[in-house]
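This is what each chain is made of:
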Amino acid sequence: MPSQIAEHSIRAVSFPIKGKLISVISFLILSSLSVYAYYALDHFKKDKSAYIYETSLSVTEGVSSLLSQDLLNTKQTMALLGEAVSLSQRSNELIRNIFNANPNIIEFSIYDASNRELVFGLRDKNFLKANGLKDDYFLKLTKEKELPFEEILVKESLLFNPGLNLEIPHLVVAEFNKKKNQFFVARLKLSNFIDLFNSNSTYETFVLSQAGEVLIHRQMAGKNDQPPETSAYYKSFYKESLKKGVKEFDNSKGQRLLVSFEKNEIFNLVVLSEINKAEAFSAADYIVGKSIYFALFLISFAVITGILFSRNLTSHVEKLHQGIKKITGGDFKTKVVVNSRDEIGALSDSFNFMSSEIARYMDEMVEKIRLEKEVEVAQLVQSSFFPPNDLRIEGYDIAAFYSPASECGGDWWGYLEKDGKFSLFIADATGHGVPAALLTATANSSLNFIKEILKDNPSLIDRPSEMMGMINRVVCGTGNQILMTFFIITFDPLKKTIVYSNASHNPPLKVHLNKTEIDKGDFIPLLSVPGPHLGKDSSAVYNEVTENLVGDEEFIFFTDGILECVNNKKVAYGQRRFLKSLAKGSFLSVFESRDACIKSAYQFYEDVKPEDDITFLLVKPSSSSKSEYDFSRFKSSLISRNPKLPQGLIPSNNEEADLIFIDMDQLEDSLDLIKKYKDKIIVISSWDDDQNISKILFKHSLFHVIGSNSDQFEREVFDTCSGIMDKAFQKLSYCLDHTDSAKEITLRNSLTAIDEIKEVLSGLNIDNFFDSPMDYLESISSELASNAIFNATGHESTERTLKVKLNADEGVIYKIGKVNNNIVISVTDNSGSLTLERLFESLNRSAVEKVPEEKKGGAGLGFYMIYSFANQVIFNLEKGKSTSIICIIEETKRYKKYRSRITSFHYFDDLA
Amino acid sequence: MSGSLEVKTKVVDSKVVVELAGAIDEDADFSKIKGLGGMHSYEFNFDNINAINSCGVREWTNFVSSLGEKAEIRYLNCRQIIIEQINMVHGFIPENASIESFYAPYFCEDLDKEYKILLKSGDVIEKKAPKVECPDGDHEMEFDAIEGQYFNFIK
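Residues numbered from 1 in each chain as written. Chains lettered and ligands numbered in written order. Predicted model: local features only at pLDDT ≥ 70, side-chain atom pairs only at ≥ 80, totals over all residues.

### Here we look at the overall build of chain A
Across its full length, chain A holds 23 helices and 32 strands. With 912 residues in all, chain A has 37% of them scored as buried. For chain A, restricting intrachain contacts to residue pairs at least 6 apart in sequence, the fraction spanning at least 24 positions comes to 64%. (Helix = DSSP H or I, 4+ residues; strand = E, 2+ residues; numbered from the N terminus. Buried ≥ 20, exposed ≤ 12 C-beta atoms within 10 Å, placed from the backbone. Contact = placed C-beta atoms within 7 Å.)

### Concerning the overall build of chain B
Each helix and strand counted, chain B has four helices and eight strands in total. Looking at the 155 residues of chain B, the share that counts as buried comes to 39%. At a minimum sequence separation of 6, the contacts of chain B that also span at least 24 residues come to 66%.

### Regarding helix 14 (residues 574-584) of chain A
Residues and elements named next belong to chain A. Every buried residue of helix 14 is listed here: F578, S581 and L582. Down the axis, helix 14 shows its buried residues gathered within 100° of arc, on one side only. As for helix 14, its buried residues are in contact with strand 20 (553-558), helix 13 (561-564) and helix 15 (590-605). (Arc of directions from axis to C-beta.)

### Side note on the interface of chain A and chain B
Between chain A and chain B, the contact holds 33 residues from the first and 31 residues from the second. Put simply, the parts of the chain that give the side of chain A that touches chain B at least two residues each are helix 19 (753-762), helix 20 (773-792), helix 22 (862-869) and helix 23 (895-900) of chain A. The element contributing the most residues to the side of chain A that touches chain B is helix 20 of chain A, with seven residues. When its residues are assigned to classes, the side of chain A that touches chain B shows eleven nonpolar, eleven polar and eleven charged. (Nonpolar A, V, L, I, M, F, W, Y, C, P; charged D, E, K, R; others polar.)

### As for the sheet that holds strand 32 (residues 904-909) of chain A
Residue and element names in this part refer to chain A. Overall, mixed pairing links the eleven strands, which are arranged 23-22-24-25-26-32-30-31-29-28-27 in an open sheet. Strand pairing shows two members of the sheet lacking a second neighbour, strand 23 (650-651) and strand 27 (743-747), which therefore form its edges. Relative to strand 26 (residues 704-707), strand 25 (residues 681-685) is paired through four bridges, and the arrangement is parallel. Bridge pairing in strand 26 links I682 to H704. Running over the sheet, helix 20 touches strand 27, strand 28 (812-819), strand 29 (822-829) and strand 31 (882-889) and is turned about 15° from strand 29. (Pairing = 2+ DSSP bridges. Axes fitted to C-alpha atoms, helices over the stretch in contact; angles between N-to-C directions.)

### A look at the nonpolar core
Residue and element names in this part refer to chain A. Counting 120 residues, the largest nonpolar core has A785, I789, L843 and I866 as its most contacted members. Considering each element in turn, this core owes the most residues, nine residues, to helix 20. Look past the residues within four positions of I866 in its chain and what remains in contact with it is I780, E783, L784, V873 and C887. (Core = buried A, V, L, I, M, F, W, Y, C linked by C-beta atoms within 7 Å.)

### Let's talk about helix 10 (residues 343-383) of chain A
Residue and element names in this part refer to chain A. Over its 41 residues, helix 10 extends 57 Å from the first C-alpha to the last, a length consistent with the 60 Å expected when each residue adds 1.5 Å. Little of helix 10 sits inside the fold, with four of its 41 residues counted as buried. By the burial criterion, the buried members of helix 10 are S348, F351, S355 and Q382. Of the surrounding elements, those touching the buried residues of helix 10 are helix 9 (282-328) and helix 11 (434-456). (Expected span 1.5 Å × (residues − 1).)

### Quick notes on the confidence of the model for chain A
Per-chain confidence: chain A averages 85 in pLDDT, with 95% of residues scoring 70 or above. Contacts for the low-pLDDT stretch residues 1-8 of chain A, under 50 throughout, to residues beyond four places or in other chains number seven contacts. (pLDDT = per-residue confidence, 0-100.)

### Describing the sheet that holds strand 17 (residues 509-512) of chain A
Residues and elements named next belong to chain A. Read from one edge of the open sheet, six strands run 11-12-21-20-17-18, paired in antiparallel fashion. Two strands in the sheet have a free side with no partner beyond their single neighbour: strand 11 (390-393) and strand 18 (524-525). The pairing of strand 20 with strand 21 (residues 614-621) spans four bridges and is antiparallel. Residue pairing in the sheet places F557 in a bridge with L617 of strand 21.

### Some remarks on the confidence of the model for chain B
Overall, the predicted model of chain B reaches an average pLDDT of 90, with 97% of residues at or above 70. For this predicted complex, the interface score ipTM comes out at 0.90, alongside a pTM of 0.50.

### Re the packing of helix 19 of chain A against helix 20 of chain A
Residue and element names in this part refer to chain A. In the contact formed by helix 19 and helix 20, the axes pass within 10 Å of each other and the chain directions differ by 140°. As summarised for this structure, helix 19 and helix 20 are arranged oblique, according to the angle between their axes. Considering only the axes of helix 19 and helix 20, their crossing is right-handed. Contacts between helix 19 and helix 20 involve A753, I754, I757, K758 and L761 from the first element and M774, L777, E778, S781, S782, A785 and I789 from the second. (Parallel < 35°, antiparallel > 145°, perpendicular 65-115°, else oblique. Left-handed = near helix turned anticlockwise from the far one by under 90°.)

### Points about the pairing of strand 28 of chain A
Residues and elements named next belong to chain A. Relative to strand 28, strand 27 runs antiparallel, the two being bridged by five bridges. Paired with I745 across the strands is Y814, a residue of strand 28. Two elements, strand 28 and strand 29, share seven bridges in a ladder whose sense is antiparallel. Note on strand 29: the bridge partner recorded for G817 is V824. Hairpin remark: strand 28 followed by strand 29, antiparallel, with two residues in the connecting loop; positive phi at N820, about 50°.

### Concerning the pairing of strand 12 (residues 396-403) of chain A
All names here are of chain A. Two strands pair when backbone bridges link them, and strand 11 and strand 12 are joined in this way by four bridges, in the antiparallel orientation. Across the sheet, the residue bridging to D390 is A399, located in strand 12. Turn length for the strand 11-strand 12 hairpin, with the two strands adjacent in sequence and antiparallel, is two residues, and the turn residue E394 shows positive phi of about 50°. In this sheet, strand 21 lies alongside strand 12 in antiparallel orientation, the contact comprising eight bridges. Considered in strand 21, the bridge of S403 is made with I614.

### Notes on the packing of helix 17 (residues 689-700) of chain A against helix 21 (residues 836-849) of chain A
Residue and element names in this part refer to chain A. Running from N to C, helix 17 and helix 21 cross one another at 140°; their axes reach a closest spacing of 9 Å. Compared by their axis directions, helix 17 and helix 21 come out oblique. As helix 17 packs across helix 21, the resulting crossing turns out to be left-handed. Residues D690, I693, S694, L697 and F698 of helix 17 form the contact with helix 21, whose participating residues are F840, L843, N844, A847 and V848. The class makeup of the residues in the contact of helix 17 with helix 21 is seven nonpolar, two polar and one charged.

### Examining the environment of A:G82
Residues and elements named next belong to chain A. Considering the arrangement of structural elements, one finds G82 in helix 2 (residues 17-86). With 27 residues separating them in the primary sequence, G82 and S109 have C-alpha atoms 9.0 Å apart. Those residues in contact with G82 that sit more than four places away from it in its chain are I110, N177, K180, Q182 and F184.

### A word on the environment of B:Q85
Residues and elements named next belong to chain B. Along the chain, Q85 falls in helix 3 (residues 80-88). Through-space distance from the C-alpha of Q85 to that of V57 is 7.8 Å; in sequence the pair is 28 residues apart. In contact with Q85, other than residues within four places in its own chain, are I52, V57 and F92.

### Notes on the environment of B:K120
Residues and elements named next belong to chain B. For K120, the location among the structural elements is in strand 7 (residues 113-120). Taking the C-beta count within 10 Å as the criterion, K120 has 11 such neighbours and is therefore assigned exposed. Separated by 44 residues in sequence, K120 and L76 place their C-alpha atoms 9.0 Å apart. Those residues within four positions of K120 in sequence are excluded, and the remaining contacts are E100 and S101.

### Some details on unusual backbone geometry
The backbone of A:E606 shows a phi angle near 55°, a positive value even though the residue is not glycine. Examined against the element boundaries, A:E606 turns out to sit in the loop between helix 15 and strand 21. In the Ramachandran plot, B:N77 falls in the positive-phi region, its phi being about 50° despite a non-glycine side chain.

See below:
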C-alpha cells in the first residue's frame with residue numbers, strides 16, 4: 001500500500017536534474033568554446049592569408065625591383081658603350097672597362113639603323129670560352145636568328161628571349177638610338193637572374209613578356225632546359241589594370257595557385273611569383289587543424305569535467321529524491337548521507353531531521369491510534385452496559401438519553417425487574433472519560449450480580465438501600481480513587497409504591513399530570529437523607545424512602561450534565577430552562593417529551609460540545625394502555641420489545657398465542673419458531689425496504705412486516721391481528737367496501753384504462769398530502785391495472801404493447817378512496833393466479849438487481865415499484881378466484897415522512 | 001397502456017432537444033427520437049412527466065442505452081417520480097448521461113406548505129441540500145427528504 005501511494009503521488013522523473021545540468025553545462029562550454037575557436041581561427045586565417053599574400057607580393061616586388069635595376073644598369077651601360085664607341089678618339093680600354101663593369105652583359109653590339117649592318121661588337125670571350133664557344137658564336141647566331149630591327153625601331157626599346165635550346169640561354173636588350181640612328185643590342189646572361197630566382201625556392205618566379213611569353217625562369221638555365229608550361233591566364237596579366245597584386249587561379253591539375261604579380265612598364269614585362277595555395281597555407285592549416293583538435297580537447301575536457309561536477313552535485317539531489325520516495329513509500333526511518341558542506345548537505349541534514357521527526361511522530365500516531373482503538377473498544381463495551389433507549393416495563397414507558405462528553409462516559413443507568421416490580425439505577429462517577437467509564441463497568445457488574453441474588457432473594461428489590469450498600473462495597477473495592485453518586489428506585493405498580501435510596505445524587509423529580517397545565521413549580525424532588533458517595537466509605541449505611549403512587553406521576557431522573565453544560569456565552573442550561581422544557585412536554589409521550597427536552601437543551605448549547613456526560617430518563621405509565629382498539633381478544637407472545645406495541649394484548653406463550661410479535665433482528669435466533677408458527681408471526685422492523693424484502697420476506701417467507709416508524713402503528717397492528725384472527729382479509733377496516741367516498745370502476749380495455757383511472761384520480765381530495773402524491777398514485781394505479789388486466793387474460797407473457805380487451809365477466813375492479821384520511825387504492829383481478837413464491841422472487845430479484853427483465857410480458861419491477869411507493873401493501877389472495885392488491889399512502893404533508901416510512905407488508909390467503 | 005406519452009423533438013446546434021409529457025409506460029414510443037439517427041447529443045426534459053410504470057422503465061432503459069455509449073445525454077427538470085427511478089433502477093440513467101436539473105421538495109413550516117424547488121446538480125455539495133428561502137416569505141425552508149437517499153444519484 002505505501003508503495004502504491006508513492007507511485008500515485010510522485011511523478012516519474014523523465015528529465016532528471018543531472019541531465020539538465022549536463023545539458024546546460026555542455027551547451028555553454030560547447031557554444032562558448034566553439035564561438036571562441038571559430039572567431040580566433042577565423043582571425044588567424046585571415047591574418048595568415050594577409051601575411052602570405054603580402055609575402056608573395058613582396059617576393060615579386062623584390063624580384064621585379066632587382067630585375068628592373070639590372071636592366072636599367074644594362075641600358076645605362078649600353079648608352080655609355082654607345083657614347084664611348086662614337087667618340088672620335090675611341091679608347092678601347094675605356095670601352096672594355098665599361099663593358100666589364102656590367103658582368104651581366106655577354107655581348108654588346110651596335111648596328112647601323114640604315115642598313116642593319118654591324119658597326120661595333122664586343123663580347124665576353126672568357127665567358128664564351130668557359131662555355132666552350134668560339135668568339136663568333138653570337139655573330140653566327142645573329143645570322144641564324146635575325147634581330148627584330150623593325151619591332152625595335154617601332155618600340156625603340158625591346159627586351160626578348162632569343163629562343164630556347166641555345167648554347168647560352170640569354171636575354172636580348174635592344175634599343176633604337178635616334179640620335180645616332182643606331183641599334184644598341186646587349187645580350188644578358190640568364191644565369192644571374194636565375195640565381196636570383198633560386199634564392200627563394202618557395203615561389204615559382206616567372207618573367208613574362210607583354211605577350212605572355214616566358215622570358216626568365218629558373219628552368220631555363222641550361223641548353224636543354226624547358227620552362228614549365230604557363231597557363232593561358234598568364235597572357236592576361238599585362239592587361240591587368242592593377243600594376244601589382246595577388247590573384248588565385250586553378251592550374252591544369254586542378255590545383256589552386258596563389259599568384260602575385262608586378263608589371264614593369266619600362267621593359268613591358270611582368271614579374272610574377274606563384275605558389276600552390278595549399279602549400280602556402282599548409283602551415284596555417286596545420287596550426288588551424290591543431291587548434292581545432294586542441295579546442296575539441298578543451299571542449300571534451302570541459303564537458304567531462306561538467307558531467308563529473310553535475311554528477312557530483314546531482315548525486316546528492318538524487319539521494320534526497322530517493323530518500324523522499326522511500327518516505328512516501330512508508331519507510332520513515334530512511335536517512336540520506338551527503339558529506340558536502342554546501343546547501344545540499346544542509347538540506348540533507350534537514351531531511352534527516354524531518355524523517356526522524358516523522359518517524360517519531362508516526363510512532364506516536366501508532367500509539368495514539370492504538371489507544372484510540374482501545375478507547376473505541378471500551379466505548380463499544382460500555383455501550384453494552386446500557387439498556388435500549390425506549391423501553392416498556394410493567395406498564396411504564398421509559399425513555400432514556402445518554403451522551404458521553406468524550407469517547408467513554410462516567411454516567412450510567414440500568415434497570416432490573418422481578419415479580420412485576422422494577423428498579424431503576426442511575427449513577428454519575430466523578431469526572432468523565434476512561435477512568436470514570438471503568439467505574440461504570442463496576443456499577444453494571446454490580447447490577448448483574450444483584451440480578452443473580454434476586455433469584456434467591458427476590459425481596460431484595462424492595463430494599464434499594466441494601467442494594468446501594470452492596471454496590472458501595474464493590475465500588476470501594478476498586479481503590480477509592482473515583483467516587484460515584486448513585487440513585488436507586490424500585491417501582492411496585494401492583495402495590496402502587498416507590499422506594500428509593502440516594503447516594504449524593506441530584507434528586508430526581510416527579511410531577512403529577514392531573515392538571516391541564518404544568519408549571520415548573522409542579523415538579524417535586526424525591527428527597528431523602530442523602531448517603532455518602534459510593535466508593536468513599538465501605539461501611540456507609542444508606543437510607544431509603546417509600547412513597548405511594550397515585551398513577552398520574554411522571555418521574556425524571558438525570559445527572560447534572562444536562563444542567564451544567566454551557567453555551568457560547570458560558571451560560572449553563574440550568575434548572576429553570578430544564579423544568580420549563582419538561583413542563584412543556586408533560587402531556588406528550590415520554591419518548592416525544594424526551595426528544596423535545598434534548599432538542600431544547602442542545603439548541604441552547606448551540607455549537608458548544610457538552611463538557612460533561614448527559615444522562616436523562618423519563619418514566620410514566622404507558623399511554624397506549626388506553627388504546628382505542630380492543631386488543632383483549634388477541635393472545636400474543638411478545639418477543640418484540642418495541643414500546644409501541646399496545647399494552648392491551650393478552651400475554652401468552654408461543655404455543656397458545658394467536659399472534660407472535662418479533663423484532664427483525666431476532667429472526668435469526670428464532671428459526672424454530674418461524675418454522676412452527678410462520679402464519680401467526682408479525683415482524684416489527686426498522687430495516688429499510690430492501691432489507692425487509694430480502695432478509696425477512698424472501699428469506700423466511702413471512703407474511704407480515706410492520707414498519708416500526710408508522711404513525712398509525714397501533715391501528716395497523718389491530719387490523720393485522722384482526723385479519724389473521726378472523727381470516728377475513730376482505731373485511732379489513734381499510735377495505736373500501738365500507739367507505740362512501742370510494743370510487744369504483746371496472747377496467748376492461750388496456751388502451752383506455754389509464755384515462756379512466758386519471759378521471760377517477762382527478763376527483764380525489766389530496767389537500768392534506770404532500771405536494772404531488774398524484775404522480776405516485778398514477779404510477780401505482782398504472783402498474784396495478786396493467787398487471788391485473790394482463791393477468792386476467794391468463795397471458796402473463798403477452799407483449800404489453802398489444803391491445804387487450806376483457807370480456808364482460810373478466811373486468812378488473814379498480815377502487816380508490818380515503819379511509820381514515822389515508823388514500824387507499826385497491827385493484828382486484830379475477831384470476832387469483834398470483835403465488836407467494838412468485839411475489840417474493842419478483843420482489844427479491846428487483847431489490848437485488850434493480851433492473852427490468854428482458855422478457856415478454858411485464859418488466860418484473862412492478863411489485864417492487866408499488867412496494868417502494870406505498871406505505872402499506874396488502875395482498876389478498878383467493879386461489880383461482882381473485883387477487884386483490886391494496887396500496888395505502890398515509891396522510892402526511894411531509895414528503896420526507898412519506899418516503900422514510902418503512903413499508904408494511906401483509907399477505908393473506910384462503911389456503912390456511 | 002395508453003400511449004399517452006407525448007414526445008416533442010427539435011434539433012438545436014446539432015443537439016436533439018426532447019420534451020416529454022404524460023406517462024412513460026409500455027406504449028411509450030421513442031422512435032421519433034431514434035429517427036434522428038447520427039446525433040451525438042441529447043437533452044431530455046422531464047418537466048411534464050407525471051407517471052411511469054415498470055414497463056415504461058424498461059422501455060426507457062432500452063431506449064436510452066440504444067443511443068450508444070458515446071452519446072452525450074442530459075436530463076433536465078427531473079420530477080420526483082423520475083428521481084425515484086434514477087435512484088432505484090440501474091440503467092435508468094446510463095454512465096454517459098448526467099442530470100442537469102431536478103426538482104427537490106422543501107417544506108416551509110411557517111406556511112405549512114411544501115414547495116418543489118428546481119435545483120442544478122451543482123447546487124448539491126457532498127449530498128447536502130442547498131439552503132432555500134420560502135418563495136412566499138423570507139425564512140429558510142427545510143429540505144423535505146432524506147438527503148443521502150434523494151441525492152444518491154449525485155456522484
